[in-house]
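Observations on the model geometry
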Amino acid sequence: DAGVIQSPRHEVTEMGQEVTLRCKPISGHDYLFWYRQTMMRGLELLIYFNNNVPIDDSGMPEDRFSAKMPNASFSTLKIQPSEPRDSAVYFCASSRGPEQYFGPGTRLTVT
Amino acid sequence: KQEVTQIPAALSVPEGENLVLNCSFTDSAIYNLQWFRQDPGKGLTSLLLIQSSQREQTSGRLNASLDKSSGRSTLYIAASQPGDSATYLCAVPETSGSRLTFGEGTQLTVNP
């Protein structure tokens, strides 16, 4: 299995632009998680899905952030408009049981 | 709200030394505890998962223990190697299969 796949691996954009991060979970996994990692706040959960349905989005910072999971093999995290404070590494993870498997992350820089 | 703390924040040891990383959590009603490794600029790699009914879990040179009543877990690394250098994080879920709460991590450096 290829593991969790994320794209792009790096993204540099200007403030105000729309950013879309993509994730392909491990086949057969029914949970998908989006995390953000910064030096200041460490790893924090943004949102997670079960069977493509959002279960808990309480970690989403504000309305500028949105996430979708149109099918079992694809999810997106969108930021519109982006701000410099959104600069972080965004991780996608998936699971079928208690153990979560993480993707390599997308390093986002907003200038 | 669950809080997870890891001590020490950083650790530097000579190659070959046995070492212990500590993780504590405030709410002992956990389903499991997971240890991860993160290399610089990379994602997280799951090392060990201990179910709440277990006391220990072993994988190669790694041994993780769990004491729910005291809210503690330890990760023991035997005969450390330079390749073990990384940040080690522990995490607990709020409910089985749901959001993980992470500790701040212990940055380990094993010197040749």
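About the criteria used
- Residue positions are given per chain, counted from 1 along the sequence in the order it is written.
- Whichever chain is written first becomes A and whichever ligand is written first becomes 1, with later ones labelled in order.
- Owing to the predicted nature of the model, reporting of local features is limited to residues with pLDDT of at least 70; listing and counting of side-chain atom pairs is limited to 80 or more, with chain, interface and lining totals taken over all residues.
- Calculated side-chain values reflect all of the structure's heavy atoms, with hydrogen atoms and water omitted.
- Strands pair, by our definition, only if DSSP identifies at least two bridges between them.
- Counting from the N terminus, the helices are DSSP H or I runs at least four residues long and the strands are E runs at least two residues long.
- Orientation is described by axes fitted as lines to C-alpha atoms, over the contacting stretch for helices, and by angles from 0 to 180 degrees between their N-to-C directions.

1. Remarks on the sheet that holds strand 8 (residues 74–79) of chain A
Residues and elements named next belong to chain A. Pairing in this open sheet of four strands is antiparallel, and the strands run 1-3-8-7 from one edge to the other. Each edge of the sheet is formed by a strand with only one pairing partner; in this case those strands are strand 1 (5–7) and strand 7 (65–71). Taken pair by pair, the neighbouring strands of this sheet meet at an average axis angle of 15°, ignoring direction. In this structure, strand 3 (residues 19–24) lies alongside strand 8, joined through five bridges in antiparallel fashion. Of the residues in strand 8, the one forming a bridge with T20 is K78.

2. Topic: the sheet that holds strand 8 (residues 72–77) of chain B
Residue and element names in this part refer to chain B. With antiparallel pairing, the five strands of this open sheet are ordered in space as 1-3-8-7-6. One side of each edge strand has no neighbouring strand; the edge strands of this open sheet are strand 1 (4–7) and strand 6 (56–59). Here the average twist between neighbouring strands, direction ignored, is 15°. Both strand 7 (residues 62–67) and strand 8 contribute to a ladder of six bridges, which runs antiparallel. Residue pairing in the sheet places N63 in a bridge with Y76 of strand 8.

Bear in mind that shape data such as this cannot, by itself, settle questions of function.
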